[in-house]
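What follows is the residue order along each chain.
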Amino acid sequence: MGRPLNPVLIAFAIAVLLFVVGELVSPGFAAYSQIINVLRVSSFLGIIAAGQTLVILSGGEGVDLSVGAIVTFGAIVASRVIDGQDAMVLWGLAQALAAGLALGAVNGILIAYLKVPPLIMTLGMASVVKGLSLVYTKGQPSGRAAPIMVRLVSQETVFGIPGILWIWLALMVALTFILRQTTFGRSLYAIGANRQAAYLSGVPVKRMVVAVYSLSGLLSALGGFFFLGYTQSVFLNLGDRYVLPSVAAVVVGGTSLAGGAGGYVGTVVGSIVLTVLQSVLVTLRMEEAGRQIVYGIVLLALLAAYGRQYRLRQ
Amino acid sequence: MPYLTMSGVRKRFGGVVALDGASFAAERGEVHALLGANGSGKSTLSKVLTGVVAPDEGRIEIDGQEVRIRGPQDTRKYRIAAVYQELSLIPQLTGMENILLAYEPANSLGFIDRKGLERAVLEVAARFEQALGRRIDLHRPVETLSPGDQQLIEAYKALARQPEILILDEATASLRQAEVEALFQVVRELRDKGALIIFISHRFQEVFALCDRATVLRNGQTVGTVDLAGVTEKDLVDMMVGRGAVSEVREAPTPPRDDVVLRVRGLCGPRLQGVSFELRAGEVLGLGGLQGQGQSELLRVLFGAEQASAGEIEVAGRRVVFRHPRDAVRHGLALVPGNRAREGLMLGRPILENLTIASMHRRRRGPGFLSARREKEAADGAVRSLGIKIGHLSGPASTLSGGNQQKIVVGKWLLNKPRIILMDDPTKGVDVGAKAELYRFIRELTQEGVSVILNSSENMELLGLSHRVLVMYEGAIADVLEGDDLNENRLVAAAMRVGRPA
Amino acid sequence: AQPWTVGISNGFVGSEWRTQMIENFLRAAEEYQARGLIDRVIVQSADVDINGQIQQIRNMIAAGVDAIIINPNSQTALDAVIEEAAMRGVIVIAVDQAVTSPDALNVVIDQSEWARISARWLAEQLGGQGNIVVINGIAGHPANEDRWDGASEVFASYPGINVLTVTHANWDQATGQQVMANLLATYPNIDGVWVQDGMAEGALRALLASGRPLPLMTGEARIGYMRLWNELRESRGFNTIGVVNPPGISATGLHVAMQLLQGRELRPEVLKGNTLFVPIPYAVTADNFEEIWSAFADYPDSYSLDGWLTEEEVQAYFK
Amino acid sequence: MAGSVLQTANRGLWRSVWDRFRVPAWVSYVLLAAAVGVNASLQPYFFTLYNIQSNLNTFVPLVAAAVGQTLIILGGGIDLSLGAIITLVDVVVVTLMEGSIERVPLALAAGLLVGGLCGLANGVLAAYVRLQPIVATFATSFIWSGLALWIMPRPGGSVPRAFYRGYRDVFLGIPVAAWIILGIIVLWLILKRHRVTRYILAVGGDERAAYATGVPVAKAKVASYVLGGLFAALAGIGIVANTASGDPYVGGPITLTSITAVVIGGTRLSGGAGGAGGSIAGAMILSLVGNIVFFANVGSYYQELINGAIVVAALALAGIPSLRRRSL
Ligand SMILES: Nc1ncnc2c1ncn2[C@@H]1O[C@H](COP(=O)(O)OP(=O)(O)OP(=O)(O)O)[C@@H](O)[C@H]1O
Ligand SMILES: Nc1ncnc2c1ncn2[C@@H]1O[C@H](COP(=O)(O)OP(=O)(O)OP(=O)(O)O)[C@@H](O)[C@H]1O
Ligand SMILES: [Mg+2]
Ligand SMILES: [Mg+2]
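Summarised in this report is the structure supplied together with it. (Residues numbered from 1 in each chain as written. Chains lettered and ligands numbered in written order. Predicted model: local features only at pLDDT ≥ 70, side-chain atom pairs only at ≥ 80, totals over all residues. Heavy atoms only, no water.)

### What to know about the site of ligand 2
In step 1: Around ligand 2 lies a shell of 20 residues, among which B:Asn38, B:Gly39, B:Lys42, B:Ser43 and B:Thr44 are the nearest.
In step 2: This site is not confined to one chain, since residues near ligand 2 come from chains A, B and D.
In step 3: A distance of 3.0 Å separates an oxygen atom of ligand 2 from a polar atom in the side chain of B:Gln85.
In step 4: Taking 630 Å² as the accessible area of ligand 2 by itself, protein coverage stands at 91%.
In step 5: Of all the secondary structure elements, the ones that give two or more residues to the shell around ligand 2 are strand 2 (16-26) and helix 1 (42-50) of chain B.
In step 6: Here the shell around ligand 2 gets three residues from one element, more than from any other, and that element is helix 1 of chain B.
In step 7: Taken together, the residues that form the shell around ligand 2 break down as eight nonpolar, 10 polar and two charged. (Near = heavy atom within 4 Å. Polar contact = N/O pair within 3.5 Å; in protein donor to acceptor, adjacent residues only side chain to side chain. Areas by Shrake-Rupley, 256 points an atom, 1.4 Å probe, with all protein chains shown as cover. Helix = DSSP H or I, 4+ residues; strand = E, 2+ residues; numbered from the N terminus. Nonpolar A, V, L, I, M, F, W, Y, C, P; charged D, E, K, R; others polar.)

Put into structure tokens, the structure is as follows:
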């Protein structure tokens, strides 16, 4: 059998393959500008899935299903505060991040100290946050993105690459560094691999759990902020589309749902794969029913390529 | 023609060769020991027989017939059962449900015959209960039982399968003396009825007490089979590890210094009832008594992993309260926990991370940055000073043999320069060679003034290493042995509370 | 018995349109309350599945409502519970989305006609010639299918109009934006875009981001979209249309319910089956844009241009 | 190396200390009683026949789905495609019924078959292809809903009146829906005595240990998904009866609600411990929370918030007893 192939590499190859398929089906799909466009769209999923990656790495059946609601809430807060004024961008960002952090912290505290299972806790939190959005906006979100945010997402810089992609790249480098070269990262892998051993090695397990969910909330709000730069206005189900895909992006990127193994580079590639796949399907002339079936089958094929678990017989 | 023959068995796990053409042959009606150092392939060979491990090559014959075992389900036909080293119990199921799992009497539609199940289970349990003199609650989820009782349930389970071939892979590791005796009695009965029992253990006393012959493995190959009547312990060790490496447990320890590093007064907590003692610099303080009398709990409370309900702890003359192991670590304590896979290691993570996790805060810069070079230097240092045999620091800890894994668990604390090391049965399941190295190491540490509290289930180890032994009984200190009292008779007597009012 | 209890069941809260719908309902109900015709108003507005909405309606029945206004989550799945309500003498009015139950009265705009207006506009503006792409809402959703039935019928009647592809963006602005971006990559020669509701703003943003000349596209009568329209119509000569799909339909529905409660009967000729089609208020086009924009420029972006029938107008449908 | 070969087996053990979140089943019954109590005190005519009947009618699909999800979760899996299976069954049953009462048996049989087959596919993916269930079933959910949309591109179909009227009827003084729920409970009690449930529990408790013991692990897993699919089919049929029509989106949201019901009902998400009794209570609690919010006259903007908050609070409260049992 040889050494197992690196899942990140496989996922990357699949992303390339999907672009090629897209180009064959409809010429122009793999044009430089379209690649950039797909990457831009991937970046929102990628940023939101960054928090999801941390949560899943932390183990203990960790998963965050409240990311979608927090994305929306972050965007709502930012949009109301900023309301189209460049001068207010930082203040709006700060408030959105603070809100995301706080909501994530509530997740973390209830999960760590009251032992509510993450899946259920964050699912409940999703509906609470959704309710908060309704109460906060009275059902009518107001405000809009500032021009500078729009430029950040859309305007091309060096090599025709928009600012958001540089930010995403920076996030990738920073997170990878944090995961590998800081005590935080080491502790995160430790609690993901074996909470009890980590605890007995002096790692503050519960605080880590709280920190990880807080960060996930923060990154979701950040994703919401950037996404606002893309859509320019908010609506109440802005973030819903990201909930399960963020989990899928992490898994497609080779991070184990069991925790303690994987990394953010994989998630980046996973986000790209899922986004390209969606794009290819849009370009196919096909009934919606057929698109859904193809999406499911391709996803299964992808998982079967490397997402398989151990054999019972060794 | 032997009843069971295994020949030319090869098995490779990724880069690790576990079995390299091993062979094994044994007869009905004997208890046959399977010996070897940690990682020599004993468990793997057993698992090939029970179908859990698929050999790359090899031939198995039972009763002269070549057999193919494609999985544990096939073993039913050949009446093979095993007590696995890691146990094979389902934690949430009760003893009753575990014991005949997959062998439940059922009607033709697959509905379980509860009465029949209960009858069959109680029959097996009865065979032990007589020898044991007590009964285990079979209606509780097994996860709520003590490790010893879990191991006994695992034995019930194997026996309930009415095996012709029974494998006991370190089946006595968590058992008390009396329970070991009970198990042996049942095993002997089974042998007398003509079954073949394969017995794996690192405890030579047990091997000599129970077995007729022994087959020795080294590095996945069979060194030979000997009649135990004609060999000594030393002969076996030579076969296992090659000549030379014998433990020197009984060497006089250097006396401790006078300064008290740890003072405990009236400590109460989970399973603890008013424990008081003092620990001096460079002292090895043993914790003796029957297993499960609060020794592990004492270590956990001292380490902050469990909270005391009353009592005081002073470290280096200062009163301390540890709410978290981290607090204890800051005060120079270290804990080598009893179950390394469960509590000591992050098996899927690299060896390097396992070694550095407990001390990384010492090397961090700024807000927790770590330098890859310094982490590697630190890990290399630990590997060198403990003589850990590893492939590469970036390989996962799961690829190491038991003894080397244990060294990692010790090694991670050395990097933290602890003043007090709490050890909970550190040589459980560790082979003679690794044991000897660990003993040597404890010596070296105490010479440097480090103190050790050692809980051990092996009396010789306790007596050989400790300056004093606290004998625990039901969460309290029943006796303190030192000087001439440090001998096995006194220790056993104290543990059983012989000659004392109860 | 008078004074009556009325309820509204809304099973989806993800859109501002729905919020506006609820507000319209409440405003209309207040007037009746002031006149002593209604004593209690029950609002159920939460994201629920079809089962959840059935539960909502049953709860209202149990709470003793006399009339229920429903914006149904399904065209067919509420039929059985509506029958239950009718059997207990409760008047059921479905608004926005029609239901198939014969026991309910649908008070809706004609979705097919609504779609035809913008499709016709697009085809005319293109001079009956050109390639268009379509971004629909949720495949299989009855309103979507009705709309597409109407629009595709119009396009079929123009042989020069070539529908390149039909995609779905689930009535979601951001998905519309992404789908449009993908369409742009695939089809170099798009002359027109037929897209409905909030997805239009997303599609427009994708078109803007592409840097290509703006094709003709259909849009929506919502302030956010119109603000963009206003900016672009001079700078880029942008031309579009927004057909009003009024959230005020809930108020119209309430007026109808009140007439029924007061024992009046609908004139049979206004009904088509069990459906009362109310007129589509109007469409915003280049012709009337300025006039409308000057009146609404201060409204929040999420506000949809609205319209409802007054009590008197509704009375005209009754005998 | 001691402890490495079955190392993952130990996960099951150490989880028992750390990760154990299991609402004891009695807590869910207490919560159910509380929910009924609060509901009854807020709602004047709670104990009328219509009200009880209408509540039970809406409970049936979620109850059936929760039991199906329980079996899957007990076996260490999870099924994110359950709602899509329900949708597919709904659509198939309605399409085959063609509004005629004679075709009902055929349609119901086909519905069960479809549910079972979807479960079989999920089970094979989880057990033999060895994909992580949470993502594998996420992927299959697209396939099932795509198929549903393909079979029924827009809502419709007609269900014979006798069929959905029968569902709302009273039999021997007890609503038919209550009989169905009783039937589901009895079904579970029967299953509980079967070997397959024991094996499912064993696999969910510790897969490797179960394998080493000779439990047919893969088959047990597949069985759990097939049973789950069959209960999902029951849920789909319940929806057909409750809605009297077909809709290609009807089941989706049930997936996550069914998981919540299972956890409130005392089954551990990691598998191996729990049972369907609690899940049934959990499903009813969740439905009753909606009623409570309704009858408490909560303002419309706050309904969603209060609803979510009650569920989270119930989970947190329910978890407190398990905190005390932390030690081994
Ligand atoms: N392996 C374990 N065995 C026993 N108890 C444990 C174990 N792991 C955690 N605990 C319990 O959890 C508690 C909190 O430990 P943990 O490291 O998770 O917390 P923390 O992050 O320091 O939290 P806090 O912020 O409350 O200090 C401990 O006090 C201990 O009682
Ligand atoms: N699942 C596995 N994956 C990788 N390596 C393994 C696995 N199981 C065993 N090994 C390796 O195979 C070798 C033999 O292991 P085995 O468990 O058979 O030894 P053992 O003789 O039972 O040792 P011990 O006395 O420590 O129990 C060891 O080097 C071990 O690291
Ligand atoms: Mg072994
Ligand atoms: Mg702490």
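Back to the text.
### Let's talk about the site of ligand 1
In step 1: The immediate surroundings of ligand 1 are formed by 15 residues, with A:Tyr113, A:Lys206, A:Arg207, B:Arg300 and B:His324 found nearest.
In step 2: Neighbouring residues of ligand 1 are not confined to one chain but are distributed across chains A, B and D.
In step 3: Within the side chain of A:Gln196, one N or O atom sits 3.4 Å away from a nitrogen atom of ligand 1.
In step 4: In this structure, A:Arg207 approaches ligand 1 through a main-chain N or O atom, which is 2.6 Å from an oxygen atom.
In step 5: Protein chains shield 84% of the accessible area of ligand 1, which is 620 Å² for the free molecule.
In step 6: Among the secondary structure elements, those contributing two or more residues to the shell around ligand 1 are helix 9 (195-200) and helix 10 (205-231) of chain A.
In step 7: When its residues are assigned to classes, the shell around ligand 1 shows seven nonpolar, two polar and six charged.

### Quick notes on the packing of helix 11 (residues 243-252) of chain A against helix 12 (residues 264-283) of chain A
The relative placement of two packed helices comes down to the angle between their axes together with the axis-to-axis distance.
Residue and element names in this part refer to chain A.
In step 1: Taken N-terminus to C-terminus, the directions of helix 11 and helix 12 make an angle of 120°; their axes are 7 Å apart at the nearest point. For the element pair helix 11 / helix 12, the angle class is oblique. Here the hand of the crossing between helix 11 and helix 12 comes out right-handed. Within the contact between the two elements, helix 11 uses Pro-245, Ala-248, Ala-249, Val-250 and Val-252 and helix 12 uses Gly-266, Thr-267, Gly-270, Ser-271, Val-273 and Leu-274.
In step 2: Residue classes in the contact of helix 11 with helix 12 are distributed as seven nonpolar, four polar and no charged. (Axes fitted to C-alpha atoms, helices over the stretch in contact; angles between N-to-C directions. Parallel < 35°, antiparallel > 145°, perpendicular 65-115°, else oblique. Left-handed = near helix turned anticlockwise from the far one by under 90°. Contact = heavy atoms within 4.5 Å.)

Everything listed here is a matter of coordinates, which is why it stays silent on function.
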